[in-house]
Structure formats: structure tokens, C-alpha cells
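Reading the structure
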Number of protein chains: 2
Amino acid sequence: MALAEFDLIKRYFALHKPQHPFNQLGIGDDCALLSLPANHQLAVTTDTMVENVHFFADVDPQQLGHKLLAVNLSDLAAMGAEPFAVTLALTLPKVDESWLQAFAAGFIGLAQQFHVDLIGGDTTSGPLTLTVQAMGTVPQGRALLRSEAKVGDLICVTGELGNAGLGLKINQGYACNDPESALARFNQPQPRIAEGLALRGIANACIDISDGLAADLRHILQQSQVGACLDWQQLPLSAQVSDYIEQTGDWRMPLIAGDDYELCFTVPAEFVPKLPVGCQCVGVIEAEPGLRVDRAGMIEVFEAKGFEHFS
Amino acid sequence: MALAEFDLIKRYFALHKPQHPFNQLGIGDDCALLSLPANHQLAVTTDTMVENVHFFADVDPQQLGHKLLAVNLSDLAAMGAEPFAVTLALTLPKVDESWLQAFAAGFIGLAQQFHVDLIGGDTTSGPLTLTVQAMGTVPQGRALLRSEAKVGDLICVTGELGNAGLGLKINQGYACNDPESALARFNQPQPRIAEGLALRGIANACIDISDGLAADLRHILQQSQVGACLDWQQLPLSAQVSDYIEQTGDWRMPLIAGDDYELCFTVPAEFVPKLPVGCQCVGVIEAEPGLRVDRAGMIEVFEAKGFEHFS
């Protein structure tokens with residue numbers, strides 16, 4: 001990174017020496033240097049957000065900074081990993097100082113909330129494209145995988161479903177009383193780090209809901225070679241989402257809308273009393289492949305998929 | 001990542017279980033899981049390449065795949081780190097199968113040469129933007145930093161200087177006998193991993209030459225709070241670069257041209273006999289701040305800087 005770029009980043013990202021003890025050398029050399037505690041694994045994930053694909057040019061830059069980091073931390077939460085470091089690759093069409101300041105405030109604000117250091121990055125000119133790699137630790141062998149769901153496990157979720165989907169619809173013109181909570185979940189999702197840590201040793205399989213419950217649960221089913229039946233009436237829905245379904249008849253929305261960034265996990269029935277506050281059981285893992293939804297006793301096979309680029 | 005995207009990547013990147021023993025879980029879950037050997041640090045770096053900024057649309061995709069990985073591995077080499085894992089964030093305007101196949105061949109070919117696994121990534125649609133994060137190990141406390149140059153150290157480089165700069169000029173129309181080696185250095189740089197490893201315990205400070213010797217050496221000088229004098233006549237130049245200078249009078253080119261991805265390092269004089277084959281001493285670290293160049297006894301202060309985005 002050239003000096004002018006480094007100055008730019010330094011100014012807006014308030015860079016100083018890393019705070020987390022695992023981060024021994026931060027930005028300013030060819031590489032950052034990290035140390036891990038003994039008997040721990042490093043969990044690594046990366047996600048990109050692109051203008052006009054994941055967000056529009058008029059997005060609030062502070063919310064964008066928050067969301068970019070949140071979607072990456074959410075992947076760590078889904079492994080039961082504890083975040084401590086991120087890198088940020090920023091491709092910017094121009095230097096817009098007020099935009100950068102707000103973007104950095106959203107990004108760094110969330111990073112500080114979770115004691116995560118920005119330990120490296122690259123800044124280039126070009127169409128607005130944002131890539132984060134997030135790193136966390138998990139005790140050896142205790143990560144929550146997609147491949148460990150067992151027949152008979154209960155399927156549970158943190159928080160509510162469909163709020164982000166409703167937020168998107170509100171942004172697109174849907175009128176709704178009290179829209180703030182749905183908009184907040186769409187614009188500024190909260191990664192479920194504490195819940196992911198609490199699920200170590202309790203959950204068998206886990207994933208975060210980025211593409212919708214149905215699509216993400218399907219990853220668990222395929223990698224665990226099992227099937228599932230969801231009980232629609234157990235889905236945790238906000239009053240606004242319930243109203244939306246009542247008005248539109250669109251009962252599939254909380255199953256197919258993405259961006260909630262809640263966790264979906266499977267758990268043996270005996271561990272249900274140990275679940276973190278706010279979790280809800282919404283179905284059961286079955287031997288028969290495929291995903292089914294039980295709507296007041298009417299069981300139907302559910303085929304809908306999440307969003308796919310290039311499809 | 002949605003399934004169709006995963007299939008796409010899988011097909012062209014020939015994904016299988018990671019080969020390196022540090023990589024315990026690769027692509028296919030929310031995160032990859034890595035383990036480090038005891039008493040080692042993780043070195044982490046990230047670099048982005050953007051169409052029309054770092055390369056043009058007609059670039060050979062195999063060479064692009066190689067170069068994208070090479071510039072990241074070069075940062076690990078400059079720390080004396082041994083690479084083992086990379087992630088790849090691909091933003092693609094469309095799925096061009098022959099382009100992807102060639103790009104993946106260049107990327108994976110170089111990765112295999114250095115026993116590096118592709119352990120994660122993200123694929124999105126948008127303007128062509130490529131971000132790699134590379135990870136390597138270094139024994140605790142033995143990384144080669146920019147900040148450790150000492151007055152009296154000799155300044156050395158691996159390989160030759162200015163070949164990539166000449167390659168760029170050839171691409172821009174400069175006529176040259178035997179242009180292949182210069183073009184190869186520009187299009188497919190070789191990260192100096194073996195040299196970086198051999199310099200542990202020998203070099204005091206090290207950086208890779210991405211922005212030109214003068215600009216990159218300046219980072220060492222600033223972070224080590226020292227100055228330097230380069231002996232122009234000691235610069236290792238290919239016959240083609242020497243011819244270019246003779247024809248054009250542009251003696252600064254090997255000092256300011258980027259993209260060579262050689263290492264520049266400083267070393268106490270007593271360790272010079274231990275240097276890896278192909279290294280050349282080109283100057284000395286001095287107490288007086290700033291960078292000077294000695295051209296046959298004429299010493300001049302050298303001000304030129306490397307390429308800066310947004311400047």
C-alpha cells in the first residue's frame with residue numbers, strides 16, 4: 001500500500017496498535033502477525049459486497065460499514081468462533097471523505113463492540129467493492145459444522161425470521177406501521193457471536209441465515225445427509241412480519257427472505273433447556289431427504305432456493 | 001455462497017480436501033479451520049487487483065491468476081513466512097468459462113508449486129475485482145520486519161531490477177531484442193519464498209519490491225528511522241535493461257519501476273557470505289535520513305516515489 005493510501009485509511013479508521021493480545025503486529029508491514037492460544041483452531045471467512053449488487057449507491061455509508069463487517073462476523077458466529085481480527089480490501093471509485101468517515105465509523109464501531117482489530121488491508125481505485133476477511137478462534141475440535149446434524153435433532157433459530165426481508169420490502173415501498181425494527185435488521189444486522197459461543201457443546205450443526213432459512217438449512221441437510229420438517233406455526237415472527245403475511249398471503253417470506261443473519265442450528269432434544277435466551281425450535285431433523293413444511297397439519301415439500309449470483 | 005456459485009468455483013478450481021496439514025477444514029462450511037504449529041505466528045496479507053487499474057480486459061487470464069497469487073505470496077516472502085493457505089474473493093461481470101478455466105489454472109498452478117491450499121472465498125457478480133488473502137507461518141519472533149534496519153547494514157536485493165518495468169514498456173510498444181524474460185517478470189512474477197525463508201536470522205529488515213526499489217526501500221528507512229545510499233553501479237540489471245538505459249538515458253527506471261517482486265533487505269556485513277544465491281548488495285544504511293544515489297561518485301538525493309492510487 002502506498003503512503004498516501006495508508007494515510008487515508010489511517011485517518012478514517014483510527015488505526016493504532018492492535019488491542020487484542022492475539023494481534024501482535026497490525027497494519028504497516030508486509031503482513032500482520034497473529035498468535036493463537038494453544039489447542040485452538042483459527043476460523044477464517046471472507047465475504048464481498050459490491051455496489052449495485054449487494055447495495056445501492058445511496059446506501060447510508062455508516063450502515064454499510066456495519067453490515068459489511070456484520071455479515072463476516074456472522075460466519076464466525078455460525079462456527080462457534082470468537083472473532084479477534086479482520087482485514088479490509090477497499091476498492092473505491094474516488095476519495096469521498098465524508099463517505100469514508102461514516103463508513104469507517106460503522107465498521108470500526110461494530111469491530112470495537114466485539115474486540116476485533118483491523119489488522120491489514122488494501123486500498124485500490126475502481127468500482128466500489130468491499131471485501132472483508134474475518135478471523136476467530138475456536139477450541140480444537142469444537143467448531144460447529146454444517147455436517148453434524150443427526151436424525152431426531154430439533155432445528156432451532158436465534159431471534160426472529162423475516163425481519164430483514166420485510167425491511168427490504170419497506171425499502172422497496174411496502175407501507176408498514178413501526179417499520180424501524182425491520183429496517184434495522186436489514187440495514188444493521190447483529191452477528192450472533194454470544195449465541196454461537198454458547199452453542200459450543202450443545203448444537204450438533206449450525207449455519208447463519210444469509211440466504212433465507214430454507215436455503216441455508218438445506219446446506220445443513222445436504223452436508224449431514226438428512227432431511228427436515230419445519231413447523232410453520234413455530235416460526236418466531238415479529239408483529240410486523242405477521243401483519244405482512246396476513247395482508248399479502250405470502251407465508252413463504254420468512255422461509256426464503258435472506259439477510260436476517262440469525263443462526264440456524266440443530267440440537268439434541270435433551271439440550272433444549274440449555275439453549276441461550278431467545279432461541280426457538282422450529283422443526284426436526286428426519287431421515288427422509290428433502291425439506292418439508294408443516295402448516296397446521298398440511299405437509300408440503302418446500303423447493304424454494306435462496307439468491308444465486310449468475311443463475 | 002449459493003450452490004450454483006460453489007459448483008462454478010469447484011469445477012474450475014479443482015477443489016478437494018486441503019493438502020497441507022495445517023488446513024483442517026477447507027471450502028464448504030461457514031469458515032475454514034486452520035491449525036498452527038506451536039511457537040509460530042500467523043502472517044496475514046491481502047492484495048486486490050482491479051480491471052483497468054492493475055490490468056486490462058485483454059490480459060491473459062492464466063497470467064492474471066498467477067500474478068494475483070504471486071503478489072500476495074510475495075508479501076509473505078518479505079516477512080520470511082512460509083505460505084500454506086489463501087482465500088479468493090472473485091467479483092466477476094459474467095461467467096466466461098474459458099476465462100475462468102485459464103485464470104484458475106494460473107492461480108492453482110502457482111498455489112500447488114508452493115503447497116498452498118485455497119481454503120475459502122466468495123464469488124459475486126460485479127465489475128472484475130480480485131482479492132486474495134494469503135496466510136503463512138513464521139517461528140515466533142523471527143519475522144522480517146521493515147522496522148529493524150541498522151546503520152551500517154548493507155542493502156541487498158534478490159534477482160534483477162527493472163525487468164518488470166521494461167516488460168511494461170515492451171507492452172506499451174518499446175522494441176527490444178529478446179523481450180521474453182522481461183515480459184515474464186512483468187506478467188508472471190516469482191515470489192521469493194525460498195529466499196525469504198533463508199533470510200530469517202540473517203536479514204535485519206525486509207520488504208518486497210512492488211512499487212519500485214526507491215519507494216519500497218523508503219518504507220524501511222522511515223520505519224527504521226535511518227537513511228540510505230544506493231550505489232547505482234551495483235544494481236543488478238539484465239542486458240535488456242542495460243540496453244534500455246543506454247538507449248534512453250533513463251537511469252532511474254530500475255529504481256522507480258514497480259512489479260519486480262524481488263526482495264529488498266538489509267543485512268549486517270558479516271552475514272553477507274551467508275546470503276542465498278542470486279542476491280546482490282546495492283547500498284548501505286546510513287544515519288542521515290533520506291535516500292541518496294551514488295552514480296560513479298556523484299551523490300544525489302533521490303525523491304521519486306512509487307505509484308499511488310488517488311494521488
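What you see is a predicted model, and the numbers here were worked out from it, not measured in a lab. (Residues numbered from 1 in each chain as written. Chains lettered and ligands numbered in written order. Predicted model: local features only at pLDDT ≥ 70, side-chain atom pairs only at ≥ 80, totals over all residues. Heavy atoms only, no water.)

The helix and strand tally for chain A stands at 9 helices and 13 strands. Overall, the C-alpha framework of chain A stretches about 65 × 50 × 35 Å when taken along its three principal axes. Considering chain A as a whole, with its 311 residues, one finds that 59% of them fall into the buried category. For chain A, the share of sequence-separated contacts (at least 6 apart) that also reach a separation of at least 24 residues comes to 83%. Here chain A has roughly 12000 Å² of accessible surface; of this, 50% comes from carbon and sulfur atoms. (Helix = DSSP H or I, 4+ residues; strand = E, 2+ residues; numbered from the N terminus. Buried < 20%, exposed > 50% of the residue type's maximum accessible area, 1.4 Å probe, protein only. Contact = heavy atoms within 4.5 Å. Areas by Shrake-Rupley, 256 points an atom, 1.4 Å probe, with all protein chains shown as cover.)

In this section: the side chain of B:Asp216. All names here are of chain B. Residue position: Asp216 is located in helix H7 (residues 213–224). Among buried Asp, Glu, Lys and Arg side chains, Asp216 stands out as unpaired, with Arg146 the closest opposite charge at 5.9 Å. In terms of polar contacts, Asp216 uses its side chain to reach the backbone amide nitrogen of Ser210, at 2.8 Å. Among the polar contacts listed, one links the side chain of Asp216 to the backbone nitrogen of Asp211, at a separation of 2.8 Å. Excluding anything up to four places from it in sequence, Asp216 contacts Ile207, Asp208, Ile209, Ser210 and Asp211. (Lys, Arg positive; Asp, Glu negative; His and termini not counted. Salt bridge = Lys/Arg side-chain N within 4 Å of Asp/Glu carboxyl O. Polar contact = N/O pair within 3.5 Å; in protein donor to acceptor, adjacent residues only side chain to side chain.)

Quick look at the domain arrangement of chain A now. In many reports, interface size means the accessible area that the parts give up when they come together. All names here are of chain A. Per the domain assignment, the segments making up chain A are domain 1 (3–139) and domain 2 (146–301). Listed by partner, the interface residues are 20 residues for domain 1 and 17 residues for domain 2. A combined buried area of about 1600 Å² lies between domain 1 and domain 2, and 58% of that area is made up of carbon and sulfur atoms. Across the contact surface, domain 1 and domain 2 share 1 salt bridge. With a shortest N-O distance of 3.2 Å, Asp259 and Lys67 are connected by a salt bridge. Looking at the side of domain 1 that touches domain 2, the elements that each hand over two or more residues are helix H2 (61–79), strand E4 (82–92), helix H3 (97–113) and strand E6 (129–139). Considering every element that reaches the side of domain 1 that touches domain 2, the biggest residue donor is H2, with 10 residues. Tallied by class, the residues present in the side of domain 1 that touches domain 2 amount to 11 nonpolar, 6 polar and 3 charged. (Domains from an automatic or database assignment. Buried area = accessible area lost by both parts, 1.4 Å probe. Nonpolar A, V, L, I, M, F, W, Y, C, P; charged D, E, K, R; others polar.)

What follows is about the pairing of strand E11 (residues 279–286) of chain A. Residues and elements named next belong to chain A. Where strand E7 (residues 154–158) meets E11, 5 bridges bridge the pair, whose relative direction is antiparallel. Bridged to Cys156 within E11 is Cys281. Bridge analysis of strand E9 (residues 227–231) against E11 gives 4 bridges, and the strand direction is antiparallel. Within E11, the residue paired with Cys229 across the bridge is Val284. (Pairing = 2+ DSSP bridges.)

Attention now moves to the environment of B:Asp216. Among the residues examined, B:Asp216 registers a relative accessible area of 3% and is labelled buried. The spatial distance from the C-alpha of B:Asp216 to the C-alpha of B:Leu255 is 9.7 Å, given a sequence separation of 39 residues.

Here we take up the interface of chain B and chain A. Listed as interface residues are 67 residues of chain B and, on the opposing side, 67 residues of chain A. Of the charged contacts, one joins B:Arg146 and A:Asp30 as a salt bridge, the two residues approaching to 3.1 Å between their closest N and O atoms. In terms of residue count, the dominant contributor to the side of chain B that touches chain A is strand E3 (residues 40–50) of chain B (9 residues). A per-class count over the side of chain B that touches chain A returns 33 nonpolar, 23 polar and 11 charged. Strand direction decides the pairing type here: strand E3 (residues 40–50) of chain A and strand E2 (residues 32–34) of chain B, joined by 3 bridges, are antiparallel. Of the residues in E2(B), the one forming a bridge with A:Val44 is B:Ala32.

Turning to the packing of helix H4 (residues 163–171) of chain B against helix H5 (residues 180–187) of chain B, a few remarks are in order. All names here are of chain B. Two elements in contact, H4 and H5, have axes whose closest approach is 7 Å; the angle formed by their N-to-C orientations is 100°. Looking at the two axes, H4 sits roughly perpendicular to H5. Along the contact surface, H4 presents Asn163, Ala164, Leu166, Gly167, Leu168, Ile170 and Asn171, while H5 presents Ala182, Leu183, Arg185, Phe186 and Asn187. Taken together, the residues of the contact of H4 with H5 sort by class into 7 nonpolar, 4 polar and 1 charged. (Axes fitted to C-alpha atoms, helices over the stretch in contact; angles between N-to-C directions. Parallel < 35°, antiparallel > 145°, perpendicular 65-115°, else oblique.)

Right, let's get into the UniProt feature "binding site: Mg(2+) 5" (unreviewed entry) in chain A. Cross-referencing UniProt, the feature "binding site: Mg(2+) 5" (unreviewed entry) maps to A:Asp211 in the present numbering. Considering the arrangement of structural elements, one finds A:Asp211 in the loop between strand E8 (205–208) and helix H7 (213–224). (UniProt positions renumbered as here; feature names shortened; annotations may be inferred.)

It is worth spelling out the packing of aromatic side chains at this point. Residue and element names in this part refer to chain A. The tally for this structure, following the rule as stated, stands at 14 aromatic pairs over all chains. Centre to centre, the rings of Phe22 and Phe84 are 5.3 Å apart; their planes meet at 80°, and the pair counts as edge-to-face. Note that Phe22 is positioned in the loop between helix H1 (3–13) and strand E1 (23–25) and Phe84 in strand E4, a separation of 62 residues in sequence. Exposure remark for Phe22: the relative accessible area of 21% places this residue in the partly exposed category. With a centroid separation of 6.1 Å and an interplanar angle of 65°, the aromatic rings of Trp251 and Phe302 are classed as edge-to-face. Residue Trp251 is found in the loop between helix H8 (239–248) and helix H9 (253–256), and its partner Phe302 is found in the segment after strand E13 (298–301); the two are separated by 51 residues along the sequence. Owing to a relative accessible area of 2%, Phe302 belongs among the buried residues under this scheme. An aromatic cluster is defined as three or more aromatic residues linked by ring pairs; in this entry it consists of Phe13, Trp99, Phe103 and Phe107. Against the face of Trp251 rests Arg295, its NZ or CZ located 4.0 Å from the ring centre. (Phe/Tyr/Trp six-rings, centres within 6.5 Å; stacked < 30°, edge-to-face > 60°. Lys NZ or Arg CZ within 6 Å of the ring centre and 35° of its normal.)

We now examine the sheet that holds E3(B). Within a sheet, neighbouring strands are paired by backbone hydrogen bonds and run either parallel or antiparallel to one another. Here we have 6 strands laid out as an open sheet, ordered E1(A)-E2(A)-E3(B)-E6(B)-E4(B)-E5(B), and mixed in their pairing. Edge positions in the sheet fall to E1 of chain A together with strand E5 (117–125) of chain B, since each of these pairs with one other strand and no more. The sheet shows a mean angle of 25° between the axes of neighbouring strands, direction not considered. By the bridge criterion, 8 bridges tie strand E4 (residues 82–92) of chain B to E5(B) in an arrangement that is parallel. Looking at the pairing, B:Ala85 lines up with B:Asp117 of E5(B). Against the sheet, helix H3 (residues 97–113) of chain B contacts E4, E5 and strand E6 (129–139) of chain B, and its axis sits at roughly 165° relative to E4(B).

Bringing the relation of the copies chain B and chain A into the picture now. The transform that puts chain B on chain A rotates by 180° and translates by 0.0 Å along the axis, for an RMSD of 0.0 Å. The two molecules are tied by a two-fold rotation axis, judged by turn and shift. Closest approach to the rotation axis within chain B is made by the C-alpha atom of B:Pro127, at a distance of 3.3 Å. A shared binding surface is used by both copies, with 100% of the interface residues of chain B retained as interface residues in chain A. (Least-squares fit on C-alpha atoms with pLDDT ≥ 70 in both.)

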